[in-house]
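Working through the structure, step by step
The residues making up each chain are set out below.
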Amino acid sequence: MSKVTTMRDAIADLVRDGDCVAIEGFTHLICFAAGHEIIRQRKRGLTLCRLTPDLIYDQMIAAGCARKLVFSYLGNPGVGSLHAVRRAVEKGVPAPLELEEYSHFGMVGRLVAGAARLPFYPVRTFTGSDLPAVNRRIKQVEDPYGGEPVHVVPPLNPDLTVIHVQRADRDGNAQVWGLPGMQAEAAFAAARVIVVAEEIVDEGVIRADPNRTVIPGLIVDAVVPESYGAHPSYAQGYYDRDTEAYLAWDSISRDQAALGAWLDEWVYGLSGRAEYVEKMGPSVWQRLEPGEAWSGQVNYGLYR
Amino acid sequence: MKDYTASEMMIAASARELADVRVVFVGIGLPNVACNLAQRTVAPHLELVYEAGVYGARPGRLPLSIGDPCLVTGATSVVPMPHLFQYYLQAGRIDVGFLGVAQIDRYGNLNTTVIGPYQQPKVRLPGSGGGCDIALLARRVLVITRLSRRTFVEQLDFVTSPGHLTGGDARGRLGDYGQGPTVLITDMGIFRFDAETREMTLTSLHPECTVAGVQEQVGWELRVAEELATTGPPTAEELRIMREELDPGGRHRK
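Report follows, based on the coordinates. Since this is a predicted model, take the numbers as computed values, not measurements.

Another point: the overall build of chain A. Of the regular secondary structure elements, chain A holds 12 helices and 14 strands. C-alpha atoms of chain A, sized along the principal axes, occupy 60 × 50 × 35 Å. Residues classed as buried in chain A amount to 51% of the 304 residues present. Restricting to contacts in chain A with at least 6 residues of sequence separation, those with at least 24 account for 74%.

Pasting the structure below:
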């Protein structure tokens, strides 16, 4: 069954105001195209979850989409602050933002518990840290087998998870290589799932390499083909992380007006990712094109 | 006249601390440069582990982030994050966690969360990331940061990642975790944590630096080792690798 649709329709159908939304992908495969469409459709009151909110949530929070942020690392990786998030937290601009924070391991535990439908998850971290004091959802339990007490975190079950992948078939069977991050856990934990793919491939391509499949179509509601949909994040083997864009965001985002102008030009002023790709221009895509490093082939064997 | 910067001295001294280390968990920023320098100099067999899910990275360029595609290509293993945090870090496979920090106290407790009160912060910092997890679960921890009164404070605004807590055996009483911080490398000298009190103690000064100069940047009365060493300046090869291969733009070396 084909679930292929457009980003506009997928977001309109599957994102509701007030939803808990995870656009996952750890540095790799962050679906900016989906985030921008949510901004364009002016969704409101969202609880946004990600280990690393990254530029995508900085943009969505600046645009007023979010009420709450659940996270573990609130920076522009390797660059510095997320200035829009900081404005929301420090000054309430454009609106106050509720924070619920963990360490990475804490968020990992939450999504694993969510995916496995467990009531909580033990993680041997947080001891001696002030984090449990400011986040009462981090608790400690006795070890029923007599060991040391252990911290536990609650499951995280988003209403919607968006994952970006290199390739998927029309049913949403999705394959990733490079950093798998928390994409599979975030998708299995969610009530609804959008898969956004650099390429739509035949089912045979998926079946020829089943070890690379991170989630099955079984849990997918919509499949959106979107080339360069993760930029300025990246897709391993397709295009590089746009370091220049991550560095440039530091100055754009320091000023709410400059950030607003950027959103007007690159989000509200465009109909979708295809126009973004065209507007960005071929020199950017050439700059981000990686060299080649092919994997070897393995023999799965033919058994009859 | 020195022909290198204080940051270059700090990065070179940090890399040398990894000479006998097998597996290092690499933090973002300065630790990333130091670990990559170590792999190209004193520790060619160093396994670089990145929280994004990489074991045994051999990056062909210095990654800006810790989830860069260059960490994947040529790596020994690329794994989902639950594997990395549980089977590698929590299971005790990491010899050294290498962290940077915004605020540190005399016992090596680290703050990367807020300056000011948590609910109404003056500055909202990035938070833990993997920092708290690494600080507890790596067998020991190295810290790299520049000296300044803003960073070296008597009292942290928030303990993100526990070091030796209140000193003495306080950390040991937490339970079965790693040793915590053992070495702190700065732009003026190297500190080690006293075996009894667990207080950071200046054990080596970088060339042309003074104890008084270090004390000026630290918000409490500094402990200084009886025998104070002088750190060897960066070698020509260390400088060449930093300047030509790892950080040609000078982001971290300035």
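Below, the discussion takes up the sheet that holds strand E9 (residues 150-153) of chain A. Residue and element names in this part refer to chain A. The strand order across the open sheet formed by three strands is E7-E9-E8, and the pairing between neighbours is antiparallel. One side of each edge strand has no neighbouring strand; the edge strands of this open sheet are strand E7 (121-123) and strand E8 (139-141). With strand direction ignored, the average angle separating the axes of adjacent strands in the sheet is 50°. Sheet analysis places E7 next to E9, joined by three bridges and oriented antiparallel. Its bridge partner being in E9, Pro122 is matched across the sheet by Val152. Packing against the sheet, helix H5 (residues 104-116) makes contact with E7 and E9, and its axis sits at approximately 160° to E7.

This part covers the packing of helix H3 (residues 54-62) of chain A against helix H4 (residues 83-91) of chain A. All names here are of chain A. One way to put it is that H3 packs onto H4 with a least axis distance of 7 Å and a crossing angle of 45°. Overall, the two elements H3 and H4 adopt an arrangement that is oblique. Note on packing geometry: the crossing formed by H3 with H4 is left-handed. Here Asp58, Ile61 and Ala62 of H3 lie close against H4, whose contacting residues are Ala84, Val85 and Ala88. Grouping the constituent residues of the contact of H3 with H4 by class yields five nonpolar, no polar and one charged.

Residues and elements named next belong to chain A. Sheet topology note: the strand E1 (residues 20-23)/strand E2 (residues 46-49) ladder contains three bridges and is parallel. From the neighbouring strand, Val21 faces E2, where its bridge partner is Leu48. Handedness of the crossover joining E1 and E2 through helix H2 (residues 32-40) is recorded here as right-handed. Note: E1 against strand E10 (residues 160-168), three bridges, orientation parallel. Of the residues in E10, the one forming a bridge with Ala22 is Thr161.

Time to look at the interface of chain A and chain B. Taken together, the contact pairs 43 residues of chain A with 41 residues of chain B. Listed by contribution, the elements that provide at least two residues to the side of chain A that touches chain B are H4, H5, helix H6 (131-134), helix H7 (183-189) and helix H9 (243-252) of chain A. With four residues, the single largest contributor to the side of chain A that touches chain B is H5 of chain A.

Judged by nonpolar contacts, the single largest core of 171 residues is most densely connected at Val195 of chain A together with Val24 of chain B. Ranked by the residues each element gives to this core, the list is headed by H5 of chain A, at seven residues. Filtering out sequence-adjacent residues up to four positions away, Val24 of chain B remains in contact with Leu18, Cys35, Leu46, Leu48, Val49, Asp95, Val96 and Phe98 of chain B.

Okay, helix H3 (residues 81-90) of chain B next. Among all positions in H3 of chain B, only Met81, Pro82, Leu84, Phe85, Tyr88 and Leu89 of chain B are buried. Immediately beyond the C-terminal end of H3 of chain B, within one or two residues, lies Gly92 of chain B, with a positive phi of roughly 85°.

Whether parallel or antiparallel, the strands of a sheet pair through hydrogen bonds between backbone atoms. Residues and elements named next belong to chain B. The 10 strands are arranged E4-E3-E2-E1-E5-E10-E11-E12-E13-E14 in an open sheet whose pairing can be described as mixed. The open sheet is flanked by strand E4 (77-78) and strand E14 (223-230), the only strands paired with a single partner. By the bridge criterion, five bridges tie strand E12 (residues 189-193) to strand E13 (residues 200-205) in an arrangement that is antiparallel. Bridge assignment links Phe193 to a residue of E13, and that residue is Met200. This element, helix H1 (residues 6-16), spans strand E10 (140-144), strand E11 (181-185) and E12 of the sheet and lies at about 150° to E11.

Right, let's get into the environment of Gly74 of chain B. All names here are of chain B. Within the fold, Gly74 resides in the loop between strand E3 (54-55) and E4. For Gly74, a count of 12 C-beta atoms within 10 Å translates into the label exposed. Measuring from C-alpha to C-alpha, the distance between Gly74 and Gly56 comes to 8.6 Å, with 18 residues separating the pair along the chain.

So, about unusual backbone geometry. Residues and elements named next belong to chain A. In this chain, Val93 is followed by Pro94 through a cis amide linkage whose omega measures -5°. The topology assignment puts Pro94 in the loop between H4 and strand E6 (98-101). Look at the link from His231 to Pro232: it is a cis peptide, with omega at 10°. Inspection of the secondary structure puts Pro232 in the loop between strand E14 (222-225) and H9. Despite not being glycine, Asp54 shows a phi value in the positive range, around 60°.

Cut-offs applied
- Residues numbered from 1 in each chain as written.
- Chains lettered and ligands numbered in written order.
- Predicted model: local features only at pLDDT ≥ 70, side-chain atom pairs only at ≥ 80, totals over all residues.
- Helix = DSSP H or I, 4+ residues; strand = E, 2+ residues; numbered from the N terminus.
- Buried ≥ 20, exposed ≤ 12 C-beta atoms within 10 Å, placed from the backbone.
- Contact = placed C-beta atoms within 7 Å.
- Pairing = 2+ DSSP bridges.
- Axes fitted to C-alpha atoms, helices over the stretch in contact; angles between N-to-C directions.
- Parallel < 35°, antiparallel > 145°, perpendicular 65-115°, else oblique.
- Left-handed = near helix turned anticlockwise from the far one by under 90°.
- Nonpolar A, V, L, I, M, F, W, Y, C, P; charged D, E, K, R; others polar.
- Right-handed = clockwise from strand over helix to strand, strands pointing away.
- Core = buried A, V, L, I, M, F, W, Y, C linked by C-beta atoms within 7 Å.

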